[in-house]
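Structural characterization, general
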Amino acid sequence: MQKNNLDQTFGNQEVSNKEREQLIRRVFTKVAPRYDLMNDAMSFGIHRLWKRKLVKLAKPQGSQLIVDLAGGTGDVAIKLATENNLVLLADPSLAMLKEGIKRHNISCIATTGEQLALANNSVDTITIAFGVRNMTQMEKGLEEIWRVLKPDGRILCLEFSTPHRWLRPFYNLYSYYIIPRLGAWIARQPEAYTYLIESIRRFPDQEEMKKTMEQLGFSDVHYHNLSFGIACIHIGTKRGNR
Ligand SMILES: C[S@@+](CC[C@H](N)C(=O)[O-])C[C@H]1O[C@@H](n2cnc3c(N)ncnc32)[C@H](O)[C@@H]1O
């Protein structure tokens, strides 16, 4: 996909959410078999450290139901699993879930974030790594997360964010020139990785994301920058019920 097509898909307001959703679904169907390999290559393995931090902050203890939403091939979900808790891998892409099931013995459900196939007040913790950016209606997805969390339940959201100013020129150079080439070489899907970069560029920065979560009803919202803000973990709690 060339940049023009991306602009048509993401910049043009007339493009429906349905079309965006279909494009995103196609992207993940194509990249699924080489998704993990590509993650390692693109981030020099650093995504593993970010995910480890996410799991550490989630501190899965006791008998909890944890949902790893937009969980893809399950590498966060499997790290969250302990003897006592139940972890559910949730993702709308059957291709990504299939790769996850091949690698791990884990329960999964096919669901989008915007229409979560889970009961009200049923989940202790929701983790979402590099997933909210892919929701065509992120606010709807966050509302759904709020709905399914139990009172005092938490969301932990790991996402690309806005790096420190001094790092931006290098980061932009790497994102725009190197990543699509790596995508072509390793995943054989340059368009998919052009989509990735565009979606990162359009994503709110740390403070904006915090404000959005607060406006949607989450309490105690705070965040941890990772690798000088290249990625960030936002945490919020559902206090009480509406
Ligand atoms: C970049 S991958 C992240 C996978 C995994 N969490 C990780 O960190 O490796 C994004 C995932 O979001 C999923 N996704 C796309 N649209 C979604 C939606 N509307 N709701 C929830 N997940 C979605 C994709 O299928 C894909 O598996």
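Small disclaimer: the values here were computed from a predicted structure and weren't measured.

1. Quick notes on the overall build of the chain
Broken down by element type, the chain carries 10 helices and 7 strands. A compact globule built from 242 residues should have a C-alpha radius of gyration of about 18 Å, and the chain, at 17 Å, falls within 12% of that. Within the span of the chain, comprising 242 residues, buried residues form 52% of the whole. Within the chain, residue pairs in contact and separated by at least 24 positions form 66% of the contacts whose partners lie at least 6 positions apart. Counting every atom, the chain has about 11900 Å² of accessible surface; 52% of that belongs to carbon and sulfur.

2. Concerning a nonpolar patch on the surface
The grouping of Leu173, Tyr176, Tyr177 and Ile178 at the surface amounts to a nonpolar patch, some 400 Å² of accessible area in total. Along the polypeptide, isoleucine 178 turns up in helix α8 (residues 168-187). By relative accessible area, isoleucine 178 is classed as partly exposed at 40%.

3. Some remarks on the environment of asparagine 105
Here asparagine 105 is to be found in the loop between α6 (94-103) and β3 (107-109). Under the relative-accessibility criterion, asparagine 105 is labelled exposed at 81%. Between the alpha carbons of asparagine 105 and glycine 74 there is a distance of 9.7 Å; along the sequence they are 31 residues apart.

4. Quick word on the sheet that holds β3
Here we have 7 strands laid out as an open sheet, ordered β3-β2-β1-β4-β5-β7-β6, and mixed in their pairing. Each of the sheet's edge strands pairs with one partner strand only, and the pair in question is β3 and β6 (219-226). Neighbour-to-neighbour, the strand axes of this sheet turn through a mean angle of 20 degrees, independent of strand direction.

5. Description of the environment of methionine 42
Inspection of the secondary structure puts methionine 42 in helix α3 (residues 35-43). Sequence-wise, methionine 42 and glutamate 207 are 165 residues apart; in three dimensions their C-alpha atoms are separated by 26 Å. Leaving out residues up to four positions away in the same chain, methionine 42 has contacts with Tyr174, Ile179, Leu182, Tyr193 and Leu196.

6. Notes on the pairing of strand β2 (residues 86-90)
The buried count for β2 comes to 4 of 5 residues, which makes it a mostly enclosed element. Considered for its hand, the β-α-β crossover made up of strand β1 (residues 65-69), helix α5 (residues 75-80) and β2 is right-handed. The pairing of β2 with β3 spans 3 bridges and is classified as parallel. In the sheet register, leucine 89 faces β3, and the bridge partner there is cysteine 108. A crossover connection joins β2 to the parallel β3 through α6; in handedness this β-α-β unit is right-handed.

7. Section: the packing of α3 against helix α4 (residues 46-58)
Across the interface, α3 lies against α4 with an axial gap of 7 Å and an inter-helix angle of 100 degrees. As far as their axial angle goes, α4 and α3 are roughly perpendicular. Counted together, Asn39, Asp40 and Ser43 of α3 and Ile46, His47, Arg48 and Lys51 of α4 form the full contact between these two elements. The residue inventory of the contact of α3 with α4, partitioned by class, reads 1 nonpolar, 3 polar and 3 charged.

8. Here we look at the confidence of the model for the chain
Across the chain, the average pLDDT comes to 89, with 93% of residues at or above 70. This stretch, residues 1-13, has a pLDDT under 50; its non-local contacts, to residues over four places away or in other chains, come to 20 contacts.

9. Some points on unusual backbone geometry
For alanine 70, which is not glycine, the phi torsion reads 55 degrees and is therefore positive. Mapping alanine 70 onto the fold places it in the loop between β1 and α5. Positive phi outside glycine occurs at phenylalanine 228, with the angle close to 60 degrees. Position of phenylalanine 228 relative to the elements: it lies in the loop between β6 and β7 (231-237).

10. Points about the site of the ligand
Around the ligand, a shell composed of 21 residues is seen, among which Ala70, Asp91, Gly113, Glu114 and Ala129 lie nearest. At a separation of 2.8 Å, a nitrogen atom of the ligand approaches a polar backbone atom of glycine 113. Taking glutamate 114, its side chain carries an N or O atom lying 2.8 Å from a nitrogen atom of the ligand. Protein coverage of the free-state accessible area of the ligand, which is 600 Å², stands at 98%. Looking at the shell around the ligand, the elements that each hand over two or more residues are α2 (17-31) and α3. Sorting elements by how many residues they give to the shell around the ligand places α2 first, with 3 residues. Here the residues of the shell around the ligand are counted per class, giving 9 nonpolar, 7 polar and 5 charged.

Thresholds, definitions, all that
- Along each chain, residue indices are assigned from 1 in the same order as the chain's sequence is written.
- Local features are withheld for residues below a pLDDT of 70 in this predicted model, meaning they are given only at 70 or higher, and side-chain atom pairs are given and counted only at 80 or more; totals for whole chains, interfaces and linings count all residues.
- Hydrogens and waters are ignored; side-chain quantities use all the structure's heavy atoms.
- Here a helix means four or more residues in a row that DSSP labels H or I, a strand means two or more in a row labelled E, and each is numbered from the N terminus.
- In this setup the radius of gyration rests on C-alpha atoms only. A globule is expected at 2.2 Å times the number of residues raised to 0.38.
- Accessibility here uses a 1.4 Å probe with only protein chains present; expressed as a share of the type maximum, an area under 20% marks a residue as buried, one over 50% as exposed, and anything in between as partly exposed.
- Contacts: residue pairs with any heavy atoms within 4.5 Å of one another.
- Each accessible area is a Shrake-Rupley result for a 1.4 Å probe, and residues are judged covered by the shown protein chains and nothing else.
- Every patch collects residues that have over 30% relative accessible area and no salt bridge, joining them within 9 Å if they carry like charges and within 5 Å if they are nonpolar side chains (Val, Leu, Ile, Met, Phe, Trp, Tyr).
- One speaks of a salt bridge when a side-chain nitrogen belonging to Lys or Arg is within 4 Å of a carboxyl oxygen belonging to Asp or Glu.
- Paired strands, in this sense, are two strands between which DSSP finds at least two bridges.
- Structural elements are reduced to axes, namely lines fitted to C-alpha atoms, with helices fitted over the stretch in contact, and the angle between N-to-C directions of any two is expressed from 0 to 180 degrees.
- Whether a crossover is right-handed depends on one test, that the path from the first strand over the helix to the second runs clockwise when the strands point away from the viewer.
- Convention used here: angles under 35 degrees read as roughly parallel, angles over 145 as roughly antiparallel, angles from 65 to 115 as roughly perpendicular, and any remaining angle as oblique.
- The nonpolar class holds Ala, Val, Leu, Ile, Met, Phe, Trp, Tyr, Cys and Pro. Asp, Glu, Lys and Arg form the charged class, and all remaining residues, Gly among them, are polar.
- Residue-level confidence of the predictor is summarised by pLDDT, bounded by 0 at the bottom and 100 at the top.
- When we say a residue is near a molecule or strand, we mean one of its heavy atoms is within 4 Å of it.
- Here a polar contact means two N or O atoms within 3.5 Å. Within protein one must be a hydrogen donor candidate and the other an acceptor candidate, and residues neighboring in sequence count only if both atoms are side-chain atoms.

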